[in-house]
Each structure stands twice: as C-alpha cells, then as structure tokens.
Amino acid sequence: MAARQNVQRKLRPHSNSRSKGTTVPKDLLTISDIPGPKILSLLQLAKKLKSEHKKGRVIAPLKGKTLGLIFEKPSTRTRVSFEAGMNQLGGQALFLASEKIQLSRGESLADTAKVLTRYLDGLVVRTFEQSSLEEWGRHTTIPIINGLTDYCHPCQALADAQTIQEYKGKIKGLKLAYIGDGNNISHSLIEIGAKLGMHVSVGCPPGYEPDPLLVKKAQEDGSQTGAVISVTPDPCHAAKNADVIYTDVWISMGQESEQQPRMAALAPYQVNHQLMKAAKPNAIVMHCLPAHRGEEITADVLEGPQSVVLEQAENRLHIQKAILMEWLGRHNR
Ligand code: CP
Ligand code: NVA
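Residues numbered from 1 in each chain as written. Chains lettered and ligands numbered in written order. Predicted model: local features only at pLDDT ≥ 70, side-chain atom pairs only at ≥ 80, totals over all residues. Heavy atoms only, no water.

Take the site of ligand 1 next. In the neighbourhood of ligand 1, the contacting residues comprise Ser75, Thr76, Arg77, Thr78, Arg126, His153, Gln156, Cys288, Leu289 and Arg316. At a separation of 2.7 Å, an oxygen atom of ligand 1 approaches a polar side-chain atom of serine 75. A distance of 2.9 Å is found between a nitrogen atom of ligand 1 and a backbone nitrogen or oxygen belonging to leucine 289. Protein contacts shield 95% of the accessible area of ligand 1, which totals 260 Å² for the unbound molecule. The class makeup of the residues in the shell around ligand 1 is 2 nonpolar, 5 polar and 3 charged. (Near = heavy atom within 4 Å. Polar contact = N/O pair within 3.5 Å; in protein donor to acceptor, adjacent residues only side chain to side chain. Areas by Shrake-Rupley, 256 points an atom, 1.4 Å probe, with all protein chains shown as cover. Nonpolar A, V, L, I, M, F, W, Y, C, P; charged D, E, K, R; others polar.)

Structure representation (structure tokens):
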C-alpha cells in the first residue's frame, strides 16, 4: 500500500468548542484523531438527523456555507452523500474534479489550498497519500475532511458504527470480523473499534495485513476501552462468533496493476455461505461498496437476509451531516 505511514497529529481545539472536556482537530483526517466521547456524540446527532430527515423536517444550520469537494479518485457514495447532505443542511456543495482545476496544470497544492480557504467553509478531499491530505490541512484554515485516502476512510467507519448501533443496539463488546485485504477500510474499522470498545479481528493473507503501527496503536487504545484487536491468516478463526462480518474489494483504487497476485492471495478470504457458518447466526454482513460479486463476497451473501449494505450506504448521508454540523457549523475563519 502506498501510504502506510504512522500518522501522529496534534489535536487543535476549536476556539468555540461546545463540548466541555473534548477537543476535535481542525481537520477530520483519521478516526484516531477524534476522542471516543466525540465519536459517540456524532453517532447520536446522526441518529437524530436521520429521524428528522425521515419525518421530512427541514433544518438549515449551514445556510450560507459552502463545501468544496476535490476528488482525485472516482466516487459514488461519498460525493453524492456529501453534496446531498450539505444541501439538506441549507448550504451549498461545489464538486471540483481535480483534472478540471489548475492543480492539474501544475499550480501548487499550497497555493490552491490558500486560495480555496478564501472562498469555502470546508473541503472534502479524496486523494492517494495521507501525507497529501495533511498538506491540505497545513495550508488551510478551513476544516479538511478525509473523503478516502490509501491509508484510511474515516467517514465510512463512522457510518459503519452508526449501522452497527442500529442493528445491534450497541457497539461496545461486539466482535467485528474484517475478512480480506488489510486496506484503508480495515484501518478505519480497527481504529473505531479500539475507540469504542468493539473487538476487531482481521483475517487476511500474509503480505496483506493492516499497517502494524496502526494495529499496535489501536491495541493500546483498546486496552483502555476493552477492545481486543487481532490479525490472523485464518479467515474462519477471525469470523468465529462474530457479530459483524465485513469485507471490501481486493483491488482498491490505484492498485489495478496488482490484480493477478491480489486475486490469487485473497481467493481463500471470500465471504461466502461457508465462512458465514463461523459467525454468530444473527451476524450482520457489511461492505462499504462498491462490491465485486464472486470475488470478495458471493452474490447470495451480499443480497441475503443478513446483509445491511444498503442501510450502511444510506448512513453515509446521516453521519456526514453530523460531521458537517460539527466541523463546519463551529468553524470560525
Ligand atoms: N464506500 C465509498 O466510499 O464509496 P464511493 O467510492 O462510491 O464513494
Ligand atoms: N478499499 C476501497 C474502498 C472504496 C470505497 C478503495 O480504496 O478503492
């Protein structure tokens, strides 16, 4: 994986923080940056926003605010849920395809970031390296929100936590088994499990493990919350008695040239009917999507009665509205 650096960032408190005793960073770059109590309050807000949205109630706390989105990789869910969410909160969203802005003709990231700070109230960035996302953060005074990097996908993990809470009534003490490639999705799930006291067991082939530094840090966090974080090459062992079975694609965006070795190494890690027998009978099946049926998951499991993938995708909208309210609603330029 291109960016497996250990990310150590300082928390920068909001000057206008409403939550006593908790600080959030200026930017949402990783789950590990967000204090556990703040994650729980975001989940609570997302639940309320979802319920209000279902009742057709309209609120406009972000009226007059503009969110930019700079995406260097394709996206369906992240782009549309942020754009729709921003509109639903009374603000506006501007999608800035990276190849259509001067960045693609050599304008520096620093100059672009400093200029966009003058127009926008927040920016969602989908890019390759985590270090480039951090660079956006350093050159802006507006919040930068991680819309996926090679290293992690925090907005996805927050939506996943919301979904688990909805279906299981709690998060702490549950076991999530992540089966497949130890990629960006696995990283954010490990981090959120450690923060919220949910055990995370990763079943992955040798050579495709999650970043060992991230795992070590999560194990330290987990010792405070009761979460056990483990990595094993045995998918059935990882899935044993799991409450949640989670998988993701074997070839992430940017890894297309590695297709053959990845398919070969990951073939024994398919989420299928047989693997599901190791999990609890009432386990839910999750996938961040897009899915490749017949590769990381079989069609019958993806579309079966235990699958919650569409609710999971919907929750991107609700949790991201909570994120926008938290980061853009409070931010003073
Ligand atoms: N799960 C997810 O982030 O999907 P997109 O790539 O479609 O945004
Ligand atoms: N691991 C996948 C997630 C897509 C949402 C990728 O990075 O392509």
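With that settled, the discussion passes to the side chain of threonine 30. Residue placement: threonine 30 occurs in the segment before helix H1 (36–54). Residue class for threonine 30 comes out buried when judged on its relative accessible area of 1%. Only 2.9 Å separates the side chain of threonine 30 from the side chain of serine 32, close enough to count as a polar contact. (Helix = DSSP H or I, 4+ residues; strand = E, 2+ residues; numbered from the N terminus. Buried < 20%, exposed > 50% of the residue type's maximum accessible area, 1.4 Å probe, protein only.)

Along the chain, asparagine 146 falls in strand E4 (residues 144–146). Within the structure, asparagine 146 has its side chain in polar contact with the backbone oxygen of leucine 29 (distance 2.9 Å). If we skip the residues at most four places from it in the chain, asparagine 146 touches Leu28, Leu29, Val125, Gln130, Leu133, Cys152, Pro154 and Cys155. (Contact = heavy atoms within 4.5 Å.)

Take the pairing of strand E8 (residues 244–247) next. Residue alternation in E8 divides its side chains into two sets, Val244 and Tyr246 and Ile245 and Thr247, and both sets are buried. In this sheet, E8 lies alongside strand E5 (residues 175–179) in parallel orientation, the contact comprising 4 bridges. Within E8, the residue paired with isoleucine 179 across the bridge is threonine 247. Sheet topology note: the E8/strand E9 (residues 284–287) ladder contains 4 bridges and is parallel. Residue pairing across strands places threonine 247 opposite histidine 287, the latter belonging to E9. (Pairing = 2+ DSSP bridges.)

With respect to topology, 5 strands assemble into an open sheet ordered E7-E6-E5-E8-E9, the strand pairing being parallel. The open sheet has two edge strands with one neighbour each: strand E7 (229–232) and E9. Averaged over all pairs of adjacent strands, the angle between strand axes in this sheet comes to 20°, irrespective of strand direction. Running over the sheet, helix H5 (residues 154–168) touches E5, E8 and E9 and is turned about 165° from E9. (Axes fitted to C-alpha atoms, helices over the stretch in contact; angles between N-to-C directions.)

Below, the discussion takes up the pattern of salt bridges. For the coordinates displayed, the defined rule picks out 14 salt bridges. Residues aspartate 27 and lysine 26 are paired through a salt bridge, measuring 2.6 Å at the closest nitrogen-oxygen approach. Neither residue differs from the other here; aspartate 27 and lysine 26 are each classed as buried. A salt bridge links lysine 217 to aspartate 221; the nearest nitrogen and oxygen atoms lie 3.1 Å apart. Taken together, the residues lysine 217 and aspartate 221, both in helix H7 (residues 212–225) and 4 residues apart, mark about one turn of the helix. Using a relative accessible area of 30% as the deciding quantity, one classes lysine 217 as partly exposed. (Salt bridge = Lys/Arg side-chain N within 4 Å of Asp/Glu carboxyl O.)

With that settled, the discussion passes to the packing of aromatic side chains. Scanning all chains against the criterion turns up 2 aromatic pairs. One residue, arginine 79, lies across the ring of phenylalanine 95, its end atom 3.6 Å from the ring centre. (Phe/Tyr/Trp six-rings, centres within 6.5 Å; stacked < 30°, edge-to-face > 60°. Lys NZ or Arg CZ within 6 Å of the ring centre and 35° of its normal.)

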